[in-house]
4 protein chains.
Amino acid sequence: MIDQSTIAAANEAADADLRADYDALGDHLSRRGIDIAAIKDKVAAYGVAIPSWGVGTGGTRFARFPGAGEPAGVFDKLDDCGVIHQLTGATPRVSLHIPWDDADPADLLAKAEETGLSFDAMNSNTFQDQPGQAQSYKYGSLSHTDAATRAQAVEHNLYCIEMGQRIGSKALTVWVGDGSNFPGQSNFTKQFERYLESAKQVYAALPADWRLFTEHKMFEPAFYSTVVQDWGTNYLIARELGEQAHCLVDLGHHAPNVNIEMIVARLIQFGKLGGFHFNDSKYGDDDLDTAAIDPYRLFLVFNELVDAAGTPGFDPAHMLDQSHNVTDPIESLMNSAMEVQRAYAQALLVDRTALAGYQDTNDALMASETLKTAFRTDVTPILKMARRDRDAAIDPVATYRRSGYRARVAETRPSSDGIGGGIV
Amino acid sequence: MIDQSTIAAANEAADADLRADYDALGDHLSRRGIDIAAIKDKVAAYGVAIPSWGVGTGGTRFARFPGAGEPAGVFDKLDDCGVIHQLTGATPRVSLHIPWDDADPADLLAKAEETGLSFDAMNSNTFQDQPGQAQSYKYGSLSHTDAATRAQAVEHNLYCIEMGQRIGSKALTVWVGDGSNFPGQSNFTKQFERYLESAKQVYAALPADWRLFTEHKMFEPAFYSTVVQDWGTNYLIARELGEQAHCLVDLGHHAPNVNIEMIVARLIQFGKLGGFHFNDSKYGDDDLDTAAIDPYRLFLVFNELVDAAGTPGFDPAHMLDQSHNVTDPIESLMNSAMEVQRAYAQALLVDRTALAGYQDTNDALMASETLKTAFRTDVTPILKMARRDRDAAIDPVATYRRSGYRARVAETRPSSDGIGGGIV
Amino acid sequence: MIDQSTIAAANEAADADLRADYDALGDHLSRRGIDIAAIKDKVAAYGVAIPSWGVGTGGTRFARFPGAGEPAGVFDKLDDCGVIHQLTGATPRVSLHIPWDDADPADLLAKAEETGLSFDAMNSNTFQDQPGQAQSYKYGSLSHTDAATRAQAVEHNLYCIEMGQRIGSKALTVWVGDGSNFPGQSNFTKQFERYLESAKQVYAALPADWRLFTEHKMFEPAFYSTVVQDWGTNYLIARELGEQAHCLVDLGHHAPNVNIEMIVARLIQFGKLGGFHFNDSKYGDDDLDTAAIDPYRLFLVFNELVDAAGTPGFDPAHMLDQSHNVTDPIESLMNSAMEVQRAYAQALLVDRTALAGYQDTNDALMASETLKTAFRTDVTPILKMARRDRDAAIDPVATYRRSGYRARVAETRPSSDGIGGGIV
Amino acid sequence: MIDQSTIAAANEAADADLRADYDALGDHLSRRGIDIAAIKDKVAAYGVAIPSWGVGTGGTRFARFPGAGEPAGVFDKLDDCGVIHQLTGATPRVSLHIPWDDADPADLLAKAEETGLSFDAMNSNTFQDQPGQAQSYKYGSLSHTDAATRAQAVEHNLYCIEMGQRIGSKALTVWVGDGSNFPGQSNFTKQFERYLESAKQVYAALPADWRLFTEHKMFEPAFYSTVVQDWGTNYLIARELGEQAHCLVDLGHHAPNVNIEMIVARLIQFGKLGGFHFNDSKYGDDDLDTAAIDPYRLFLVFNELVDAAGTPGFDPAHMLDQSHNVTDPIESLMNSAMEVQRAYAQALLVDRTALAGYQDTNDALMASETLKTAFRTDVTPILKMARRDRDAAIDPVATYRRSGYRARVAETRPSSDGIGGGIV
């Protein structure tokens, strides 16, 4: 972890400017009828989960270029996640990936306590073959034509649930790479029937207070068809499985041009929005830093979430899911957590009464302006003040750099060879 | 109509070559274990419906360039559709669009009998304002914020059903342009609730032996969001409405890269495939001639249909829906009907036993080859012989050109001014 | 025009809040080392041209829903453009489209003086047939296979130049709909050779102080291929023609996912960026209001422009080009002009020294943050103050609504029938 | 290699059916005025190069699932390539990738002679870091901000040329992964200037009888911008470098919906088409088997090539470039080579005189039909006969499976661990 005095010193230096900016924004917002403190409190209470695999450097099928001080295992990863939460105050939970993060539950709980974290959804992995594995997932897992392979994949998911129960998780996220690369390779219908049959077995093992999140994705690693290719199929899965099953929306898993915020609204309307994997993308599942490419799109998603707040049973999970190929993963995750907070804060500023009025009268221009006005507001002082109030860093990246954390861990962590790990 | 002797003379001249090609293909197919006559009979029994609006020259928002002899009204259109069916033997039904084709039902039935046609699904129109209309559809129809506008749109659909009942139609196709052009313009959820409420009123008026087809479309005329934007929403509609409600798939209404044949499979699996609007596209809803851009994609759709044949309750409607901007619409519709037949014939040639075996053993390459082998087979002689057997034209386009039909009707039909009509 | 006292009264009421916001922003920017007044002066000096056709309600191939008080001809259009400039102070020039705006040059100049406007680039129209036209553009214009049609299209462009010379224009924008709807319809190479031959004839007639802007577009109205389909072809045209020829970039004319700001940079680097048609889009050439969908993308374009400012010969033309289907066109154009100004102001705030340093050291995260910091800054007070200083409206839309302008002109302008006009 | 008697036996069994199909097709074609033997001779003379890396199982960033008997090094790869050519007679050349295939040139030449192969274009690799490499390519290679890294990348390319000269290659293919993942990360213009400067150094070292192929790609491994992002930039590179520089078109490297055959035509027209990397894709750079997804698109590319045949200086290089994730790479490469031959044969069947006539008269429908008629022709008997004539296999995949080649090499080759190798 980072010495708290480093943070305090940095905050001290930044305090006067922050105070001025915060007060000016408070004055401005009060002229718009908004109480800045109420917004700040909501932002302060907001958290987004970190994926354990996100703290390693990601890569592509062409190469991976690791940095110094890469985490060597789950305990190193939890250290890094702890630093992220220490500096941002926005990432209280970590989502583990099994078997990558398999370890003694007691040790995991101890490390979590040490780093001030708890555990979010468990992630199973049936898209890779592990050494010694009996059946290969080359041609699928939960939907494989071979019963033994499906059984192995189901079994692995049950193990993830069991593991999760022992560390306080309350959800299982299932993403499979199942699909096909050639027209004709798979019978779409039989493949989906097999998927549903396997998923029902997983669902049956779900503890009563758990949720099952299934994730759709248009393509990759399969390049002609994917079993859970879009929200339509994902919805059918959640409906077939039952009330504890919900759909997870990864922002990068859609066809070009698709209106994602509308998908979010539809899933909310039909009671099946499970949560998010936040990231950004320009081309495919690029897994870039959240809001790096299209910050307004993220805002529009949060606009739906804020609009739906208070709906009974509405409680989507929020998680980052990115691949950090050219940045220090800790920095990217900190910035991305803050971008998610930013979109949330902006969405809180939307004048919903005015918006509803414009919608009812088809005043498209003023409806658009109402959203834009909220989006344009620079809420940075609110985010900073929320951090400062909880002794996190006003400027997490600068403070992190000043702390020398990366160089310090690089001294003790083995150097990575560019192969394996960190692949998302 | 075209003088039958013109057809006979053209067929006579083409007969020897056709016989040679057909026999050679028959020999080849018998070596593959396929009886060519059985395929020919299935093709001969197949028909695709013509959209009445398809026989007019289409256009874009930039311009429309009408040809000579454009049909001036529904009776001219039925004449043109009659010629298409006379020459191809493949288009026994016409789908009307109200109010474009509004007329006395008795007159329509008489004209249908004269031209050898019957009536397919009725199409309502709530995406344009008609002269004298009380409420405008500028901001929507079935999902409009204003109750009176919704009621007017519902009423129009009920009128279409009533009209259809009097001319022997058994289905109503509902496509709306409702959506929004700006983030914030519409509340996604309330808009969809209104849509469902209106659609339920239409559904309630459906005769017991009718089906309701709803059509999804990603964008255009709305450019930020569309109420029925994809098959996911379309499925929800069909499920909410009831057993007589099904989803219509227009091949051009999807996001880039989307796997349409898989959507077809999903809708079949869940009992909600209503039918098709066939056309082809490269960029958006281009409404190009069927199979003009990607003939293999059309084949893959038919591969799903042939695979599902025999499933109880499986009976999708087949209709063309194209915009003919640079060709004689009669020629394009004839060719497109033949392309649909071609894809059907090719799909019938798939060795399904072998395919199932390759799928079970994950032999992706041979599964792909099994489909490709069927697709590569030049089934033209089968299509020609099916036409010749029923005294339609072996070569419809050449025979049509020789007949002088277009020049003849151009003498009596008023010239079109490039505005209105034929826009799809 | 709008009574100046209406503006003054509205500004008076908004003045205190603006002053407070402006001062607060000035303080904040000065802490970032930026002089707000210098930014404001640059913004105040910035102008974007209005397309004359933009003040009419646009439409799609499905329908057009005109509003009340639509402009009936070029003089009405100039009145509307005058109002836009009066209220925003940001749109000093109008771009005419021939033959839609054909009129006596003396009358045009008189009207321009009356409305405080001047004339930007001339636009030719060879994508529609006009009544009485000898040759049809159904199959192309500058690239048509028929020499007489090409000659007619060239001649029309020469007329546009001549007309433009008489009203003070200094550029001709050429966009053609030429292309094809079927593979095989056109020989790509011969078609482009014909295009180049025709374009050279137009270029030869260009006055020495004029520029020729050619515009690329991926698709629509042609749906298989377009002669000037992308910036690559557009660049080849500009190079073949000569130094006065440049490429025009319409933000909506690209393939999905394409990095437009990079195209802008390439054209600048090779001396061929002619200018812009600003708008926004989600799916195709949606022609939505600028920055309505992805404001960060617009900012990134302006980031390139500000970065290139000062390069010898760098002087791109800025024009809006939108289709206003569901809003009052005057309101949309005012808002869009302000959005362009906003992106310009934000781009001026980029700390370019810091950015260059981050780029040199591959500090991707901080480089991104440097752009985001500028983008996040709410520059609204700067835009407002720039307007207030020149007696334009602090809040143009509200002032316009209060003025009753639309209702007033609706009394004297004929009602529109939903056909023709306003199509972009 | 495979025992020639295995091939002879298989051919013997297939001979009668082939003869019947070939004769029937010959009769049919002669009725269309085409001499089947002339087509067969052209097909027999046609060859496409194999990428050495293609014979290994490919993978994605998520996983790689190797098969049995994976080639362990360049000599194993050449054995596999030799088998492909032995069975298909269509792949006489192999394209090497350095440093993956680095070896003693004398040994390479000896192995080539043994396997009946020669060497096609050399491929450099500056998108991965190799053990012991001084500078990292994490942030680019030829366009890196650091001069030493650029120099290292240039040096590597010079080494590839030198190596190629010693094994009879006549071309260097340069594909770089350079780009950026965040807006602002790279200055587009400076980055491209550095690229050009480095590329000029490589070009300067090119022997007089060599060609330099540069390859564009829209995205991946960089996800916001790519230095050589499209054919426009690629063309600029080739023009800046000189006459020996040409553009390589990989079919999977374009934006969604882009008309690739038109790009091919443009590059031909301006003398800069260098060659192809053939594959197929549905979503991104999927690297699927050629013609597996859209066989008509491949035909349309070959339609351009056949149309341009005979143009002075027109001599594009043909190479496969695929990632075989779920098939035996040898089988996929054989099938893909045959698919390329198929498209070539079909394009040779186009009635170009008729097509030119339809194009001149804007008979879009018949122009399209002219292409479709050629495409629909099942040319399989021509391809088979061309193979049989040269003692290759009538049915390469079946013969290969019967030969037991893969099982045999699996006995001696080490098993692969799923990491590294085969990544394309």
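Parameters at a glance
Residues numbered from 1 in each chain as written. Chains lettered and ligands numbered in written order. Predicted model: local features only at pLDDT ≥ 70, side-chain atom pairs only at ≥ 80, totals over all residues. Heavy atoms only, no water. Contact = heavy atoms within 4.5 Å. Buried area = accessible area lost by both parts, 1.4 Å probe. Salt bridge = Lys/Arg side-chain N within 4 Å of Asp/Glu carboxyl O. Polar contact = N/O pair within 3.5 Å; in protein donor to acceptor, adjacent residues only side chain to side chain. Helix = DSSP H or I, 4+ residues; strand = E, 2+ residues; numbered from the N terminus. Pairing = 2+ DSSP bridges. Buried < 20%, exposed > 50% of the residue type's maximum accessible area, 1.4 Å probe, protein only. Least-squares fit on C-alpha atoms with pLDDT ≥ 70 in both. Axes fitted to C-alpha atoms, helices over the stretch in contact; angles between N-to-C directions.

### Re the interface of chain A and chain B
Step number 1: Contact with chain A, which involves 52 residues of that partner, is made by 52 residues of chain B.
Step number 2: With both chains or domains summed, chain A and chain B bury close to 4,500 Å², and 58% of this area falls on carbon and sulfur atoms.
Step number 3: Scanning the region where chain A abuts chain B turns up 0 salt bridges.
Step number 4: Seen at the junction of chain A and chain B, the total is 20 residue pairs in polar contact (both at pLDDT 80 or more).
Step number 5: Only α6 (188–204), β8 (225–226), α7 (231–241), α8 (260–269), α9 (295–308), α11 (352–360) and α12 (364–376) of chain A provide two or more residues apiece to the side of chain A that touches chain B.

### Thoughts on the environment of D285 of chain A
Step number 1: With respect to the helices, strands and loops of the structure, D285 of chain A is situated in the loop between β10 (273–278) and α9.
Step number 2: In this structure the C-alpha to C-alpha distance between D285 of chain A and Y358 of chain A, which are 73 residues apart in sequence, comes to 35 Å.
Step number 3: When residues no more than four places from it in sequence are discounted, the contact partners of D285 of chain A are K217, E220, D250, G252 and H253 of chain A together with R61 and F62 of chain D.
Step number 4: Separated by 3.3 Å, the side chains of D285 of chain A and H253 of chain A make a polar contact.

### Let's talk about the sheet that holds strand β7 (residues 211–215) of chain B
Residue and element names in this part refer to chain B.
Step number 1: The strand order across the open sheet built from 6 strands is β4-β5-β7-β9-β10-β11, with neighbouring strands paired in parallel fashion. The two strands at the open ends of the sheet, each matched to only one other strand, are β4 (122–123) and β11 (317–320).
Step number 2: Examined bridge by bridge, strand β9 (residues 245–250) and strand β10 (residues 273–278) share 4 bridges and lie parallel to one another. In the strand pairing of β10, L248 is matched with G275.

### With respect to the environment of W231 of chain A
Step number 1: When you line up the elements, W231 of chain A lands in helix α7.
Step number 2: On the accessibility criterion, W231 of chain A (3% relative accessible area) is buried.
Step number 3: C-alpha separation for the pair W231 of chain A and L212 of chain A, spaced 19 residues apart in sequence, amounts to 15 Å.
Step number 4: A polar contact is formed between the side chain of W231 of chain A and the side chain of D230 of chain B, at a distance of 2.6 Å.

### Focus: the relation of the copies chain D and chain C
Step number 1: When chain D is brought onto chain C, the operation consists of a screw motion whose angular component is 180° and whose axial shift is 0.0 Å, with 0.0 Å RMSD remaining. Between the two chains, the operation in question is that of a two-fold axis. Of every C-alpha in chain D, the one belonging to G232 of chain D sits nearest the axis of rotation, 2.0 Å from it.
Step number 2: Mapped onto chain C, 100% of the interface residues of chain D again fall at the interface, so both copies present the same surface.

### Structural notes on the interface of chain D and chain C
Step number 1: At the junction of the two partners, chain D supplies 52 residues and chain C supplies 52 residues.
Step number 2: Interface area for chain D against chain C, summed over the two sides, is near 4,500 Å², with a carbon-plus-sulfur share of 58%.
Step number 3: If you sort the residues of chain D by the area they bury against chain C, F188, M262 and N362 of chain D come out on top, with a joint share of 14%.
Step number 4: Viewed at the interface, chain C and chain D are joined by 0 salt bridges.
Step number 5: For the pair chain D and chain C, the interface holds 19 residue pairs in polar contact (both at pLDDT 80 or more).
Step number 6: With 7 residues, helix α7 (residues 231–241) of chain D is the largest single contributor of residues to the side of chain D that touches chain C.

### Details of the sheet that holds strand β4 (residues 122–123) of chain A
Residue and element names in this part refer to chain A.
Step number 1: With respect to topology, 6 strands assemble into an open sheet ordered β4-β5-β7-β9-β10-β11, the strand pairing being parallel. Edge positions in the sheet fall to β4 and β11 (317–320), since each has one partner strand and no second.
Step number 2: Pairing geometry for β10 and β11, over 4 bridges, is parallel. Within the sheet, the bridge partner assigned to H277 lies in β11 and is M319.
Step number 3: Helix-sheet contacts for α8 involve β9 (245–250) and β10, and the interaxial angle to β10 is about 155°.

### Describing the relation of the copies chain A and chain B
Step number 1: For the pair chain A and chain B, the relating rotation is 180°, the translation along its axis is 0.0 Å, and the fit reaches an RMSD of 0.0 Å.
Step number 2: In this assembly the copies share their binding face: 100% of the residues contributing to the interface of chain A also contribute to that of chain B.

### A look at the pattern of salt bridges
Step number 1: Considering all chains together, one arrives at 136 salt bridges over all chains under this definition.
Step number 2: Here K111 of chain B and D79 of chain B are joined by a salt bridge, their closest N and O atoms 2.7 Å apart. You can see K111 of chain B sitting in helix α4 (residues 105–115) and its partner D79 of chain B sitting in helix α3 (residues 74–88), a full 32 residues away along the chain.
Step number 3: When the shortest N-O distance is used, the salt bridge between D287 of chain B and R61 of chain C registers 3.0 Å. A residue pair is termed interchain when its members come from two chains, as with D287 of chain B in the loop between β10 and α9 (295–308) and R61 of chain C in the loop between β1 (50–51) and α3 (74–88).
Step number 4: You can call R61 of chain C buried: its relative accessible area is 9%.
Step number 5: Members of the salt-bridge network, linked through shared partners, are E339, R342 and D378 of chain A together with E369, K372 and R376 of chain C.

### Things to note about the side chain of E331 of chain C
Step number 1: The topology assignment puts E331 of chain C in helix α10 (residues 329–348).
Step number 2: At a separation of 2.9 Å, a polar atom in the side chain of E331 of chain C contacts the side chain of R401 of chain C.
Step number 3: Among residues more than four places away in sequence, those in contact with E331 of chain C are L365 of chain A together with V397, Y400 and R401 of chain C.

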